[in-house]
Amino acid sequence: MKSKLTLFILFTLILSSCATYTISEARDIIDYPENKVLSPTKISTIEENKEKLERAKREAEEEKERIERESRVNEYPESYSSITLPFYYNPVKNNSCDTIGDTFSAILIPLGDERIEDEALLAVKNSVSDIDSSIIALTGSYSNRSRLSKLFGEDAVTVEGGTIIFKDSLIKDMESDRFTLSLTPEHELSILIMDQKPLLPDGGDRDELISLVDTLEDRDIEDVVEYISQEGNDIKLFFLSSYAPSSSDWTDWTEYDYRKDHAFMISDILSDLKWQDAFDAMRFSSETESGVTRRNGEVEERMDYIWSKGLIVSSSYTLPLEMTDFSAVVATFIIP
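I will try to describe carefully the structure that is included in this document. (Residues numbered from 1 in each chain as written. Predicted model: local features only at pLDDT ≥ 70, side-chain atom pairs only at ≥ 80, totals over all residues. Heavy atoms only, no water.)

## Focus on the pattern of salt bridges
1) Next: Tallying each qualifying case throughout the model produces 17 salt bridges.
2) Next: For Lys197, the salt bridge identified is with Asp195, shortest N-O distance 3.5 Å.
3) Next: Look at Asp195 and you get buried, because its relative accessible area is 17%.
4) Next: Residue Arg283 pairs with Asp249 through a salt bridge whose shortest N-O separation is 2.5 Å. Here the residue Arg283 occupies a position in the loop between α7 (278-282) and β11 (294-296), and Asp249 occupies one in the loop between β9 (235-241) and α6 (265-272), the gap between them amounting to 34 residues. Taken individually, Arg283 and Asp249 each receive the classification buried, so the pair is uniform in this respect. (Salt bridge = Lys/Arg side-chain N within 4 Å of Asp/Glu carboxyl O. Buried < 20%, exposed > 50% of the residue type's maximum accessible area, 1.4 Å probe, protein only. Helix = DSSP H or I, 4+ residues; strand = E, 2+ residues; numbered from the N terminus.)

## Here we look at the packing of helix α5 (residues 206-229) against α6
Between two packed helices, both the angle of their axes relative to each other and the distance between the axes serve to describe the pair.
1) Next: At a minimum axis distance of 10 Å, the contact between α5 and α6 shows a crossing angle of 30°. The orientation of α5 with respect to α6, classified from their angle, is roughly parallel. You can see that α5 and α6 cross each other, and the crossing is right-handed. In this structure, α5 uses Glu217, Asp218, Ile221, Val225 and Ile228 to contact α6, whose residues at the interface are Met265, Ile266, Ile269 and Leu270.
2) Next: Per-class residue counts for the contact of α5 with α6 are seven nonpolar, no polar and two charged. (Axes fitted to C-alpha atoms, helices over the stretch in contact; angles between N-to-C directions. Parallel < 35°, antiparallel > 145°, perpendicular 65-115°, else oblique. Left-handed = near helix turned anticlockwise from the far one by under 90°. Contact = heavy atoms within 4.5 Å. Nonpolar A, V, L, I, M, F, W, Y, C, P; charged D, E, K, R; others polar.)

## Details of a negative patch on the surface
1) Next: A cluster of acidic residues, Asp218, Glu222, Asp223 and Glu226, forms a negative patch on the protein surface.
2) Next: Along the chain, the position of Glu226 falls in helix α5. (Patch = residues over 30% accessible without salt bridge, like charges linked within 9 Å, V, L, I, M, F, W, Y side chains within 5 Å. Areas by Shrake-Rupley, 256 points an atom, 1.4 Å probe, with all protein chains shown as cover. Lys, Arg positive; Asp, Glu negative; His and termini not counted. Charge placed at Lys NZ, Arg CZ, Asp CG, Glu CD.)

## Re the nonpolar core
1) Next: Ranked by internal contacts, the top residues of the largest apolar core, which has 27 residues, are Phe104, Ile135, Leu189, Leu237, Phe239, Ile306 and Phe333.
2) Next: Only β2 (103-110), β3 (135-139), β4 (155-159), β5 (162-166), β7 (178-182), β8 (188-195), β9 and β15 (327-334) provide two or more residues apiece to this core.
3) Next: Counting residues in hydrophobic clusters, the runner-up holds 24 residues, among them Ile83, Val124, Ala156 and Phe326. (Core = buried A, V, L, I, M, F, W, Y, C linked by side-chain atoms within 4.5 Å.)

## Here we look at the sheet that holds β7
1) Next: The strand order across the open sheet formed by six strands is β6-β7-β8-β9-β13-β10, and the pairing between neighbours is mixed. In this open sheet, the two strands that pair with only one neighbour each are β6 (170-174) and β10 (276-277).
2) Next: Here five bridges tie β7 to β8, and the two strands are oriented antiparallel to one another. Residue pairing for β8: Ser182 is matched across the bridge by Glu188. (Pairing = 2+ DSSP bridges.)

## Digging into the pairing of β7
1) Next: Within β7, five of the five residues are buried, which leaves it mostly tucked inside the rest of the structure.
2) Next: Of the two faces of β7, the one carrying Arg178, Thr180 and Ser182 and the one carrying Phe179 and Leu181 are both buried.
3) Next: The sheet contact formed by β6 and β7 spans four bridges and is antiparallel. Residue Met174 lies in a different strand from β7, and its bridge partner there is Phe179.
4) Next: Hairpin remark: β6 followed by β7, antiparallel, with three residues in the connecting loop.

## Concerning the packing of aromatic side chains
1) Next: In the structure shown here, the tally under the stated rule is 13 aromatic pairs.
2) Next: For the pair Trp250 and Phe264, a centre-to-centre distance of 5.5 Å together with 85° between the ring planes defines the contact as edge-to-face. Separated by 14 residues along the polypeptide, Trp250 in the loop between β9 and α6 and Phe264 in the loop between β9 and α6 bring together distant segments of the chain.
3) Next: Residue classification places Phe264 among the buried residues on the basis of a relative accessible area of 1%.
4) Next: Measuring from centroid to centroid gives 6.3 Å for Tyr305 and Trp307, while their planes differ by 40°, and the two rings are tilted.
5) Next: For Trp307, a relative accessible area of 2% gives the class buried. (Phe/Tyr/Trp six-rings, centres within 6.5 Å; stacked < 30°, edge-to-face > 60°.)

## Describing the pairing of β3
Along any regular strand the residues' side chains alternate between the sheet's two faces.
1) Next: The buried count for β3 comes to five of five residues, which makes it a mostly enclosed element.
2) Next: The alternating pattern of β3 places Ile135, Ala137 and Thr139 on one face and Ile136 and Leu138 on the opposite face, and all of these are buried.
3) Next: Here β2 pairs with β3 via five bridges, running parallel. Each bridged residue has a counterpart across the sheet, and for Ile109 the counterpart in β3 is Leu138.
4) Next: With helix α3 (residues 118-127) bridging β2 and its parallel neighbour β3, the resulting β-α-β unit is right-handed.
5) Next: Here β3 runs beside β5; their pairing, made up of four bridges, is antiparallel. Pairing of Ile136 across the sheet is with Ile165, part of β5. (Right-handed = clockwise from strand over helix to strand, strands pointing away.)

## Side note on the packing of α3 against helix α4 (residues 142-152)
1) Next: Where α3 contacts α4, the two axes come as close as 10 Å, and the packing angle between them is 55°. In terms of their interaxial angle, α3 and α4 are classed as oblique. Like other packed secondary-structure pairs, α3 and α4 cross with a definite hand, here right-handed. Across from Asp118, Leu121, Leu122, Val124 and Lys125 in α3, the residues of α4 making contact are Asn144, Arg147, Leu148, Leu151 and Phe152.

Here's what the structure looks like:
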């Protein structure tokens, strides 16, 4: 009995020794896997990560499209029938209005409805290139305006009455027949433009021509008054290419034999409504400074005007445009 008990104890000790040895040795040779973040196995988690990747990709594509869209130039359509007004030509994309200050210059360039060749348009641009102007208004045919606008290479807005080229300012608001510029953080300028398609005769009976102009003015005066009287900012510019001369130009004392004392309705009513004719305000007299902007044979007339409201005119003059029968009107204004 004692021998069996002794054998049992020995056998137990042997087993215990083997177990201890096996575990301690095993710990040294077991190859544990690295501590890695395993891919999720739940379907919902997988789908969520996939959606995040797709959203990030989509947002990157949208951002790329936005950058391309903002850098793209909104080119002029080939024909006026294809344009949507107001139309913004944006090679520069003006984004600042801190450089104008309290004084700025504006130019009205009449181009007429007959096509002006490219060489002559370049000459027109060169005629005014020395003038540091913040605003250039163009009247005349769409083809002439769009091609000259591209030569200037500045931002421009085309509305029903013409095209306005601008720099050092921001577009505040645009409508089909007018728009507003922020000249400075404190001052906004409403810009109006109208082209009544002036066409000078090279002669003819004076009284018949005056009668025709009077008839046209009587027909259109309500539309003109309604256009300039709409609500807007306190400071305004109205660029007008008109079929009607100004009353201040037609007196018996000018060098033009065909003129006589005559009152023209559009200029008189604009004056009555407290608009100021920039050129007329600055010249010494109509007898010595005619300010002619259009010529046809012996007939020469001032048919293009820069009218202002809420501004102080500091200077104004006309400037012949090379290779054309037109002259531009240049005016400098002070913002009070």
